[in-house]
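Next come the chains, spelled out residue by residue.
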Amino acid sequence: MQFGIFSVGDVTVDPTTGRAPSEQERIKAILAIALKAEEVGLDVFATGEHHNPPFVPSSPTTMLGWIAARTERIVLSTATTLITTNDPVKIAEDYAMLQHVADGRVDLMLGRGNTGPVYPWFGQDIRQGIPLALENYALLRRLWREEVVDWEGRFRTPLQSFTATPRPLDGVPPFVWHGSIRSPEIAEQAAYYGDGFFHNNIFWPQEHTRQMVALYRDRFAHHGHGTPEEAIVGLGGQVFMRPNSQDAVREFRPYFDNAPVYGHGPSLEEFTEQTPLTVGSPQQVIERTLAFREVVGDYQRQLFLMDHAGLPLKTVLEQLDILGEEVVPVLRKEFAVGRPVTVPDAPTHAALRDRTPDAS
Amino acid sequence: MATTSPLTLAVVSAGLSQPSSTRLLADRLAAATSAHLAEAGREVQVQRHELRPLATLISHHLLSGFPAPALAQALEQVSGADALIAVSPVFSASYSGLFKSFFDLFEPGALAGKPVLIAATGGTARHSLALEHALRPLFAYQRALLAPTAVFAASEDWGGTGDALTDTLPVRIERAGAELAALAVAAASAPLSAAPALPFAPPPAALSPH
């Protein structure tokens, strides 16, 4: 099982100081967080993609390329890559390029994006979100798998005799996860292709996560990719930890109360009870995370959101130390207990290469 | 047979004061509807939903994107009811903000085909068209099946006989209750909408090869 972190990439005021980092401070902080993730033994770093303030990561492969050069082992991913408003031709090329730069340590998670104006800014229509995701991904797959593509569709100009370059490393396209909170069409899309399905699991009651993952597993089997237990599932989650849970609550409360995504609604106590947000001791995080298995079954990838709510870099790095030293080692051991041997690992480039007959 | 099972009648009341004339009107409408359903040989289960105690949870849902358990239960019961009575006080020439916020939380289609009786209270009968220009379009947007009679109760309606040339409040309550009961019985035997109460739509045909 893989453990990692994902960053939304928001620039948020630290409510305890009243100060927001500059764009460059925030971008450098995200890069430092990614390096720290490898240092503390995590498996995956994923960055968001946004095209509106207060978010900074508009160009994920620029960041991931830099991180690739400074790391050895960690898998670089996205959360999410906008399959609706990006040109699938550019996604095919950018991520194949990143594969070569990163020696295959690349996968990506596709999402639609829910910011209305981003669609027209990129020449699209949000009401076509699902059809865009379906058509663009169908083209993306062909661009990675077929040397020469002739193509015609609804949403971009036709292609004649087009070859996306560079070709995927070793002839093996990056593994793709499809992220969705509540669109069954996307669970179906992931299942249809035998791709991974990621539920961000962070702002919704667990019943939604359970239903979406169950639908994906069921349809994965229906489409002949294996048993429901062999489907590839990833979950998000967000935590704040201190050795003493009272200290964690006290320190995180002003961040929770003022964060654009959490604040001014339910209390910290209500929110932690009704969502997977865990604020407490490492042991509480371990117990809460292990319980996700009861909701979705044995799964392949757990990503934590750590740099949220305007927390300063120093604090986030401390959080990553706790995560890497005290939480993930226990999770690795405990998630392995009782895990059927038939449950696969999340596909890596090496694993996909070894099972592709014509890969070099 | 479905005709022997009790019908559920959800009654949503957005009055803020206690006691509330909005709740009073809601109760009268529920009683009238229940009586007509009983005449038609149908048992009825009335589920009352006062919005005042849910007000904080409603605003939390607007901000967090998910309902707390007590609110989730109310939304589920209203979505699943065979008929709905929705009563708001008139504030600034329209439904109250709390009333609108509650109905903003329903998924598109969640009330489709549902028999709905709308009603409102206010200080003067000069506000009565708020029912027609605010509440009726709100439920028409939700594709609900609206009773033709909407009941407005002004302060003066609670005493006296009113204008001799118009129907008094009890007559209007009676007529509206009869209409809702008839719609509820008809809709229960032949639903207008198969809209599921499930949060998820079926998978797209476009992807499925079978």
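All figures in this text were calculated on a predicted structure; none of them were measured in a lab.

(A) Structural context of the overall build of chain B. Each helix and strand counted, chain B has six helices and seven strands in total. Along chain B, from the amino end to the carboxyl end, the secondary structure elements read β-α-β-α-α-β-β-α-β-α-β-β-α. Put simply, chain B has 210 residues, and 40% of those count as buried. Contacts spanning at least 24 positions in sequence make up 79% of the contacts within chain B whose residues lie at least 6 apart.

(B) Spatial organisation of the nonpolar core. Of all hydrophobic cores here, the largest spans 89 residues; its most connected members are F45, L76, F197 and Y216 of chain A. It is helix α5 (residues 129–145) of chain A that contributes the most residues to this core, eight residues altogether. Those residues in contact with F45 of chain A that sit more than four places away from it in its chain are G4, I5, A34, A37, I67, I74 and L76 of chain A. Ranked by size, the runner-up nonpolar core spans 61 residues in total, among them V90, V116, I118 and F139 of chain B.

(C) Layout of helix α10 (residues 282–296) of chain A. Residues and elements named next belong to chain A. Here α10 spans 22 Å end to end across 15 residues, near enough to the 21 Å set by a 1.5 Å rise per residue. Turning to α10, its buried residues number three or more, namely P282, V285, T289, F292 and V296. Down the axis of α10, the buried set is contained in an arc of 60°. They therefore lie on one face. In α10, the exposed residues that point more than 90 degrees away from the buried face are A291 and E294. In the core, the buried residues of α10 are packed alongside α7 (206–222), β10 (233–235), β11 (239–241), β12 (278–280), β13 (301–304) and α11 (313–336).

(D) Structural view of α5 of chain A. All names here are of chain A. Compared with an ideal rise of 1.5 Å per residue, which puts 17 residues at 24 Å, α5 spans 24 Å between its outermost C-alpha atoms and is within 8% of the ideal. Three or more residues of α5 are buried, namely G129, L132, A133, L134, E135, N136, Y137, L139, L140, L143 and W144. Tucked into the core, α5 has its buried residues touching α3 (88–101), β5 (107–111), β6 (149–151) and α6 (184–193).

(E) Structural detail: the pairing of strand β2 (residues 44–50) of chain B. All names here are of chain B. Direction of pairing for strand β1 (residues 7–13) relative to β2: parallel, over a ladder of seven bridges. By the bridge assignment, T8 is partnered in β2 with Q45. Handedness of the β-α-β unit built from β1, helix α1 (residues 21–39) and β2 comes out right-handed.

(F) Seen up close, the environment of A68 of chain B. Along the polypeptide, A68 of chain B turns up in the loop between α2 (55–64) and α3 (69–80). With 21 C-beta atoms packed within 10 Å, A68 of chain B lands in the buried category. When residues no more than four places from it in sequence are discounted, the contact partners of A68 of chain B are P266, E270 and Q274 of chain A together with L57 and H60 of chain B.

(G) Expanded view of the packing of helix α1 (residues 23–39) of chain A against helix α2 (residues 60–70) of chain A. Residues and elements named next belong to chain A. It is the contact of α1 with α2, at a shortest axis distance of 10 Å, that shows an interaxial angle of 40°. Comparing their axes, α2 and α1 come out oblique. The element α1 and its partner α2 pack so that their crossing is right-handed. Along the contact surface, α1 presents I30, L31, A34 and L35, while α2 presents M63, W66, I67 and R70. The class makeup of the residues in the contact of α1 with α2 is seven nonpolar, no polar and one charged.

(H) How the structure looks around unusual backbone geometry. P53 of chain A connects to P54 of chain A through a cis peptide bond whose omega is 10°. Relative to the helices and strands, P54 of chain A is located in the loop between β2 (44–47) and α2. Cis geometry marks the peptide bond from Q18 of chain B to P19 of chain B; its omega dihedral reads 0°. Here P19 of chain B shows up in the loop between β1 and α1. Of note in the backbone geometry, H264 of chain A takes a positive phi value of approximately 70° without being a glycine. Checked against the element boundaries, H264 of chain A lands in the loop between α8 (245–258) and α9 (268–274). The backbone of A93 of chain B shows a phi angle near 70°, a positive value even though the residue is not glycine.

(I) Summary view of the environment of L62 of chain B. Residue and element names in this part refer to chain B. Summarising the element assignment, L62 is placed in helix α2. Taking the number of C-beta atoms within 10 Å as the measure of exposure, L62 has 12 and is therefore exposed. In sequence terms L62 and D104 are 42 residues apart; their C-alpha atoms lie 8.8 Å from each other.

(J) Region of the structure containing the confidence of the model for chain B. Here chain B averages 89 in pLDDT, while 88% of its residues score no lower than 70. Taken as a whole, residues 195–206 of chain B scores under 50 in pLDDT and shows 20 contacts with residues more than four places along the chain or in a different chain.

(K) Representation of the sheet that holds β10 of chain A. All names here are of chain A. Sheet architecture is open: nine strands sit in the order β3-β2-β1-β13-β10-β9-β8-β5-β4, paired in parallel fashion. For this open sheet the edge positions go to β3 (75–78) and β4 (81–82), each flanked by a neighbour on one side alone. In this structure, strand β1 (residues 2–7) lies alongside β2, joined through four bridges in parallel fashion. Each bridged residue has a counterpart across the sheet, and for F6 the counterpart in β2 is A46.

(L) Geometry of the packing of α2 of chain B against helix α4 (residues 97–104) of chain B. Residues and elements named next belong to chain B. Look at α2 against α4: their axes get within 10 Å of each other, and the N-to-C directions meet at 50°. Between α2 and α4, the crossing angle belongs to the class labelled oblique. The two elements α2 and α4 cross, and the hand of that crossing is left-handed. Between α2 and α4, the residues in contact are A55, I58 and L62 and L98, S101 and F102, respectively. Classifying every residue of the contact of α2 with α4 by side-chain character gives five nonpolar, one polar and no charged.

Basis of the calculations
Residues numbered from 1 in each chain as written. Chains lettered and ligands numbered in written order. Predicted model: local features only at pLDDT ≥ 70, side-chain atom pairs only at ≥ 80, totals over all residues. Helix = DSSP H or I, 4+ residues; strand = E, 2+ residues; numbered from the N terminus. Buried ≥ 20, exposed ≤ 12 C-beta atoms within 10 Å, placed from the backbone. Contact = placed C-beta atoms within 7 Å. Core = buried A, V, L, I, M, F, W, Y, C linked by C-beta atoms within 7 Å. Expected span 1.5 Å × (residues − 1). Arc of directions from axis to C-beta. Pairing = 2+ DSSP bridges. Right-handed = clockwise from strand over helix to strand, strands pointing away. Axes fitted to C-alpha atoms, helices over the stretch in contact; angles between N-to-C directions. Parallel < 35°, antiparallel > 145°, perpendicular 65-115°, else oblique. Left-handed = near helix turned anticlockwise from the far one by under 90°. Nonpolar A, V, L, I, M, F, W, Y, C, P; charged D, E, K, R; others polar. pLDDT = per-residue confidence, 0-100.

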